Every structure is written in C-alpha cells, then in structure tokens.
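Analysis of the macromolecular model
Residue strings, one per chain:
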Amino acid sequence: MVTQLQSPDKSNIIYPDDNGEPMSDNTEQFRLIVWIKENSELLFANDPNVFVAGDLLWYPVEGNNKLGQAPDVMVVFGRPKGYRGSYQQWNEDNIGPQVVFEIWSPGNRPAPMIQKFKFYERYGVEEYYLYDPQTLELTGWQRVEEELEAIEQIDGWISPRLGVRFGLSETGLEMFGPSGEPFVSFVELAQLRQQAEARAQEAEERATEAQTLLEQERSRSQALELRLREMGIDPNQL
C-alpha cells in the first residue's frame, strides 16, 4: 500500500511581517534609509502605480515563508501605493521590486550581504545600490540578462528606472531628481517650505503696499481735479 503525502495548503501558510532584525544599527544608517525612501516616494507622489517601502519583507515565492529579504528601500513599478504587512509577490501580479537600496552598517557581515546579492539577482531586481556611510563608497549593479553586473562609473550615474543621478562628495552620497533637484531631509524640506512661504508673504505685502500707494495717488489726483473745477479750470485743457 502506497501512502500519498498531501502537499501543504498554501493558503494556511503564515508570512511574518517581522524577521526579527532591526531596521538600522545606528542613527546615520536610519537617516539614510529614511532620506532615500521618502525622497523616492516624493519623486513618484503623483504616480499611483509606483510603490515605495522601507524595511518591508519581500516574499518572492508562494508557499515558502523562509525565503525572503527586507531591503532597506525598495521601489516597485507597476504596483499601487498602499498598506502592506509584507510584500507577497504572487499577490502583486508577480511583480517584484525593480530597484533596491542597502545601507552598510558596522553590524553587517560579508556572508549575509552576499546572500542578499544572490537573492536580488535571482528574483529579478534590475538595479541594486549599496552605500557604505563609513567609507563613503557607493556600489551599484544593473541587470544584464540574468545577472547583476557592476556599474563601472557610479559617480554621475543616472538610474534607468528612477531617473535619479548619483553623486559622491567629501560629505557623502548625493542624489538628484530628474530635474536636477537634490534629495533633501525633512528638516531641509520644511526650511525650504518656510522660505517659500516667507517669500510669498513678502511679495503679498509689497503688492498690498503698492496697491495702497496707487489708491492714495488716485485720491490725490481726484481731489486736485475737483479743486481745479471749483476754480473754473478744466483739467483736460491743461
């Protein structure tokens, strides 16, 4: 008698939202993750079909809850914005993240990072960027057929998917949007907004002052015209 083994019901498999690993090991790593994630989200704010997430577990294969990675930042084109506890690719029209970012921290070890690279390569990532804030080094890979190949000149490189230009300076990583606008922090964005509001308020005050002066001048002109007519003088004949 042969006993037939039943395959597990995929619908009963739980895909945890947490892999037990911290989002970041230090303030600089966290700052960079938030900086890249929020600016990328802002870049595609008007496109409802670009999903951006930070530290979200990505499961590429249904039925395997042990196979997953949580990129520091991932960008998915062709999927709607919105809440997700994890990114389960089979529920996303089988569209995986096309662009991922990792920020190297002192707690990272080469072996797990190699595993991440192989994972991203195997499951279709088109662009992979790894930045080390300690050495100020940025490494990038671009998909060529079935492999991720290193980008030889990363300084000045423009991401084919994001349209973002990368730069390296003495202070670290720089990123610029398609129109040349630099990625900024929340604080810098708030300061820029305050400056814009101050300029708008100043322009409004100048316009109000000019309008007041114009009305005063018009009143004086009307008063002068009335006085001349009282004296029997036609202002139009002057």
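Residues numbered from 1 in each chain as written. Predicted model: local features only at pLDDT ≥ 70, side-chain atom pairs only at ≥ 80, totals over all residues. Heavy atoms only, no water.

Comments concerning empty space enclosed by the protein
The gaps left among the atoms become clear once a water-sized probe is rolled over them. All told, the structure shown has one cavity of 30 Å³ or more when counted by the stated rule. If you add up the space inside the largest cavity, you get close to 30 Å³. Taken together, Ile 36, Phe 101, Glu 102, Ile 103, Tyr 129, Leu 130, Tyr 131, Leu 138, Phe 166 and Leu 173 make up the full set of residues lining the largest cavity. Residue assignment for the lining of the largest cavity shows that the elements contributing at least two residues are β5 (99-103) and β6 (127-132). Considering only residue class, the lining of the largest cavity consists of nine nonpolar, no polar and one charged. (1 Å grid on protein atoms, 1.4 Å probe; cavity = no way out; pocket = protein on both sides within 12 Å on 5 of 7 lines; lining within 4 Å. Points joined across faces, edges and corners; volume = space filled by probe spheres on them. Helix = DSSP H or I, 4+ residues; strand = E, 2+ residues; numbered from the N terminus. Nonpolar A, V, L, I, M, F, W, Y, C, P; charged D, E, K, R; others polar.)

Some thoughts on the pairing of β5
Across the five residues that make up β5, a large majority, five, are buried. With three bridges joining them, strand β3 (residues 73-77) and β5 adopt antiparallel strand pairing. For Val 75, the partnering residue across the bridge sits in β5 and is Val 99. Here five bridges tie β5 to β6, and the two strands are oriented parallel to one another. By the bridge assignment for β6, Val 99 is matched with Glu 127. (Buried < 20%, exposed > 50% of the residue type's maximum accessible area, 1.4 Å probe, protein only. Pairing = 2+ DSSP bridges.)

What about the pattern of salt bridges?
Evaluation of the coordinates by the stated rule reveals eight salt bridges. The partner of Arg 31 in a salt bridge is Glu 28, with the nearest N and O atoms 2.7 Å apart. Of this pair, Arg 31 and Glu 28 both sit in helix α1 (residues 27-43), three residues apart, roughly one helical turn. By relative accessible area, Arg 31 is classed as partly exposed at 41%. Across the pair Glu 38 and Lys 37 runs a salt bridge whose closest N-O atoms are separated by 3.1 Å. The class for Lys 37 is buried, based on a relative accessible area of 19%. Connected through shared salt-bridge partners, Arg 79, Arg 84, Glu 92 and Asp 93 make up one network. (Salt bridge = Lys/Arg side-chain N within 4 Å of Asp/Glu carboxyl O.)

A word on the sheet that holds β6
Hydrogen bonds between backbone groups are what pair the strands of a sheet, and the pairing can be parallel or antiparallel. Read across the open sheet, the six strands follow the order β1-β3-β5-β6-β7-β8; overall the sheet is mixed. What marks the edges here is a single partner per strand, and that holds for β1 (50-54) and β8 (147-150). For this sheet, the mean inter-axis angle between neighbouring strands, taken without regard to orientation, is 15 degrees. Relative to strand β7 (residues 137-144), β6 runs antiparallel, the two sharing six bridges. Residue pairing across strands places Leu 130 opposite Thr 139, the latter belonging to β7. (Axes fitted to C-alpha atoms, helices over the stretch in contact; angles between N-to-C directions.)

Topic: the layout of surface pockets
The space that makes up the largest pocket amounts to roughly 510 Å³. Together, 28 residues line the largest pocket, and Asn 19, Glu 21, Gln 69, Ala 70 and Lys 116 are the ones closest to its centre. Broken down by secondary-structure element, the contributors of at least two residues to the lining of the largest pocket are β5 and α2 (110-122). Grouping the amino acids of the lining of the largest pocket by side-chain chemistry returns nine nonpolar, ten polar and nine charged.

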